[in-house]
Amino acid sequence: MKRKQIVLTGGGTAGHVMVNLAIIPLLKEQGWTIDYIGSKQGIERELIEQIDEVTYHPISTGKLRRYMSIENVKDPFKVIKGIGQTLRILGKTKPQVIFSKGGFVSVPVLIGARLRHVPAVIHESDITPGLANKLAMPFAKKILATFPETMEYLPDKKANWIGAVVRPELFEGDKRKGLLFADLLTTKPVLMIMGGSAGAQKINEAVRSQVRALTKTYQIIHLCGKNNVDSSINIPGYKQFEYINEELPDVLAATDFVVSRAGANSIFEFLALQKPMLLIPLSRQASRGDQILNANAFEAQGYAKVLEEEKLTPNTLIESLEELNKQAPLLKANMEKYQGQDATEKVMKIINDTAKK
Ligand SMILES: CC(=O)N[C@H]1[C@@H](OP(=O)(O)OP(=O)(O)OC[C@H]2O[C@@H](n3ccc(=O)[nH]c3=O)[C@H](O)[C@@H]2O)O[C@H](CO)[C@@H](O)[C@@H]1O
């Protein structure tokens, strides 16, 4: 029988790795040999290198910045180097298909794939395609989208709306274990604060300035991002973690309310688990505004409350949380009606159909 060989890519932030994490167990079940091309230092390396039977290949990669920087001059050379490295990896591994979850590391990989005539499937989880995916689109055979709204931004012939992929282990959390892990055992509701996979400085500051007031009502699990733990704060009922991985399902099971950035993966996870959420999307100054669109779409469906980052102050945070508390039964009722099927099987089918026979 012919060997089934796939290369996965995607990284930069955890949001660009999650779909890959969800499909890896299924690819293994189906007998695929899996290689992963990622950056040297991105979070994808940490997340993927701990998985058995997946070979991680670090390559050189560059990023296009929205501001003037000497790096913008150096980065095209890094991308060219990354293409060369990709060509060598693809020459050795000879995959029948490539699956990309986006992020800048995926650009040299997809160019390499085109040069080696390997068909590629790419995935976009935000409403509007990110720059890396836009650059990669001409090299892809199929483009998968989480939001139906994304279809208008994609070339018709390649586009497939599949819905959200949510890691199955997130449904298997144990509330008691989550409380024990965070050392929280009172009867107050649990508020989980997540500033996306990298944390969010502005959210961290607003929460910390009100931590005494907030802990009167809630016990707080604050996922604050790498190097963002403030060890000077020692208040019962307020627990900080940089990033959690295998404990996340238990922590989510223990969570009653969420305050979060509006990264696409996170918000669909909260929706699937029916967690009332206050979303504070990354502002247009700091991004292309994709999270604002994600958050507004969720608010329009009645799944979330939105607080714009420009309006975020310690006071508006408290007021919005009071409002979230009031609206929680309605938000939950709307989320219960959400019929979105997990799209993991669809991704698997498209990968199998696209692979070179
Ligand atoms: C600053 C930035 O570029 N943000 C983008 C990035 O966000 P980001 O990387 O934050 O992506 P998402 O919010 O989509 O996903 C974060 C993922 O990390 C997981 N998680 C988070 C914290 C933690 O401690 N443990 C953990 O496992 C969440 O469960 C989720 O699955 O990719 C998203 C998806 O393309 C985009 O919508 C965001 O705009």
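Residues numbered from 1 in each chain as written. Predicted model: local features only at pLDDT ≥ 70, side-chain atom pairs only at ≥ 80, totals over all residues. Heavy atoms only, no water.

Asker: Pulling in residues and values, what's your account of unusual backbone geometry?
Answerer: One non-glycine residue, His117, adopts positive backbone phi at about 60°. Inspection of the secondary structure puts His117 in the loop between helix H4 (106-115) and strand S5 (120-124). Relative accessible area serves as the criterion here: at 64%, His117 is assigned to the exposed category. The phi angle at Gln274 is positive, at roughly 55°, despite the residue not being glycine. Among the secondary structure elements, Gln274 is positioned in the loop between helix H10 (264-272) and strand S12 (277-279). With relative accessibility at 28%, the residue Gln274 sits in the partly exposed group. (Helix = DSSP H or I, 4+ residues; strand = E, 2+ residues; numbered from the N terminus. Buried < 20%, exposed > 50% of the residue type's maximum accessible area, 1.4 Å probe, protein only.)

Asker: Can you lay out the sheet that holds strand S7 (residues 159-161) for me, pointing to particular residues and giving the numbers?
Answerer: The sheet built from 7 strands is open, its strands ordered S3-S2-S1-S4-S5-S6-S7 with parallel pairing. The open sheet has two free edges, formed respectively by strand S3 (54-59) and S7, since each of these has just one partner strand. Strand-to-strand, the axes of this sheet are offset by a mean angle of 20°, without reference to chain direction. Its contacts with the sheet put H4 on strand S1 (4-9), strand S2 (32-39), S3, strand S4 (97-100) and S5, and the angle it makes with S4 is roughly 160°. (Pairing = 2+ DSSP bridges. Axes fitted to C-alpha atoms, helices over the stretch in contact; angles between N-to-C directions. Contact = heavy atoms within 4.5 Å.)

Asker: Now, about the domain arrangement of the protein chain: what can you tell me, with residues and values included?
Answerer: Assigned domains within the protein chain: domain 1 (4-165 + 342-354) and domain 2 (169-336). Measuring from the centre of the C-alpha atoms in domain 1 to the corresponding centre in domain 2 gives 28 Å. Listed as interface residues are 21 residues of domain 1 and, on the opposing side, 17 residues of domain 2. Taking both partners together, domain 1 and domain 2 bury about 1500 Å²; carbon and sulfur atoms supply 51% of that area. Of the charged contacts, one joins Lys226 and Glu46 as a salt bridge, the two residues approaching to 3.5 Å between their closest N and O atoms. Our count for the contact surface shared by domain 1 and domain 2 stands at 6 residue pairs in polar contact (both at pLDDT 80 or more). Secondary structure elements with two or more residues in the side of domain 1 that touches domain 2: helix H1 (18-29) and helix H2 (43-49). Counted by class, the side of domain 1 that touches domain 2 contains 9 nonpolar, 7 polar and 5 charged residues. (Domains from an automatic or database assignment. Buried area = accessible area lost by both parts, 1.4 Å probe. Salt bridge = Lys/Arg side-chain N within 4 Å of Asp/Glu carboxyl O. Polar contact = N/O pair within 3.5 Å; in protein donor to acceptor, adjacent residues only side chain to side chain. Nonpolar A, V, L, I, M, F, W, Y, C, P; charged D, E, K, R; others polar.)

Asker: Quick one: what's the story with the UniProt feature "binding site: UDP-N-acetyl-alpha-D-glucosamine" (unreviewed entry) in the protein chain, residue by residue and with numbers?
Answerer: Sequence positions flagged by UniProt for "binding site: UDP-N-acetyl-alpha-D-glucosamine" (unreviewed entry) are, in local numbering, Thr13, Ala14, Gly15, Arg167, Ser197 and Gln291. Mapped onto the elements of the fold, Thr13 is located in the loop between S1 and H1. Leave out the neighbours within four places in its chain, and Thr13 touches Ile43 and Ser197. Relative to the elements of secondary structure, Gly15 occurs in the loop between S1 and H1. Gly15 has contacts with Lys101, Ser197 and Asn265, leaving out every residue within four places of it along the chain. (UniProt positions renumbered as here; feature names shortened; annotations may be inferred.)

Asker: Mind laying out the nonpolar core, listing which residues take part and the relevant values?
Answerer: Note on soluble globular proteins: their nonpolar side chains tend to be buried together. Ile221, Met277, Phe298, Leu317 and Leu321 are the most contacted members of the largest nonpolar core, which totals 60 residues. In terms of residues, this core owes the most to one element, helix H12 (residues 314-336), which gives 6 residues. When residues of this core are assigned to domains, at least three map to each of domain 1 (4-165 + 342-354) and domain 2 (169-336). Excluding anything up to four places from it in sequence, Ile221 contacts Ala182, Leu184, Val190, Leu191, Met192, Ile193, Lys239, Phe241 and Val251. Judged by nonpolar contacts, the second largest core, of 32 residues, contains Met18, Ile34, Val97 and Ile350. (Core = buried A, V, L, I, M, F, W, Y, C linked by side-chain atoms within 4.5 Å.)

Asker: Describe the packing of H1 against helix H13 (residues 344-354), listing the residues and the values that go with them.
Answerer: H13 packs onto H1 with a crossing angle of 60° between their chain directions and a minimal axis gap of 10 Å. On the basis of their axis angle, the class for H1 and H13 is oblique. Every pair of crossing elements has a handedness; the one defined by H1 and H13 is right-handed. Touching Ala22, Ile23, Leu26 and Leu27 of H1 are Thr344, Glu345, Val347, Met348 and Ile351, all from H13. In the contact of H1 with H13, the residues fall into 7 nonpolar, 1 polar and 1 charged. (Parallel < 35°, antiparallel > 145°, perpendicular 65-115°, else oblique. Left-handed = near helix turned anticlockwise from the far one by under 90°.)

Asker: Talk me through the packing of aromatic side chains; I want residue IDs and the actual numbers.
Answerer: In total, this model carries 8 aromatic pairs according to the counting rule given. Pairing Phe298 with Tyr303 gives two aromatic rings, centres 5.5 Å apart and planes at 80°, and the pair type is edge-to-face. Classification of Phe298 by relative accessible area gives buried; the value is 2%. We classify Tyr303 as buried; its relative accessible area is 9%. (Phe/Tyr/Trp six-rings, centres within 6.5 Å; stacked < 30°, edge-to-face > 60°.)

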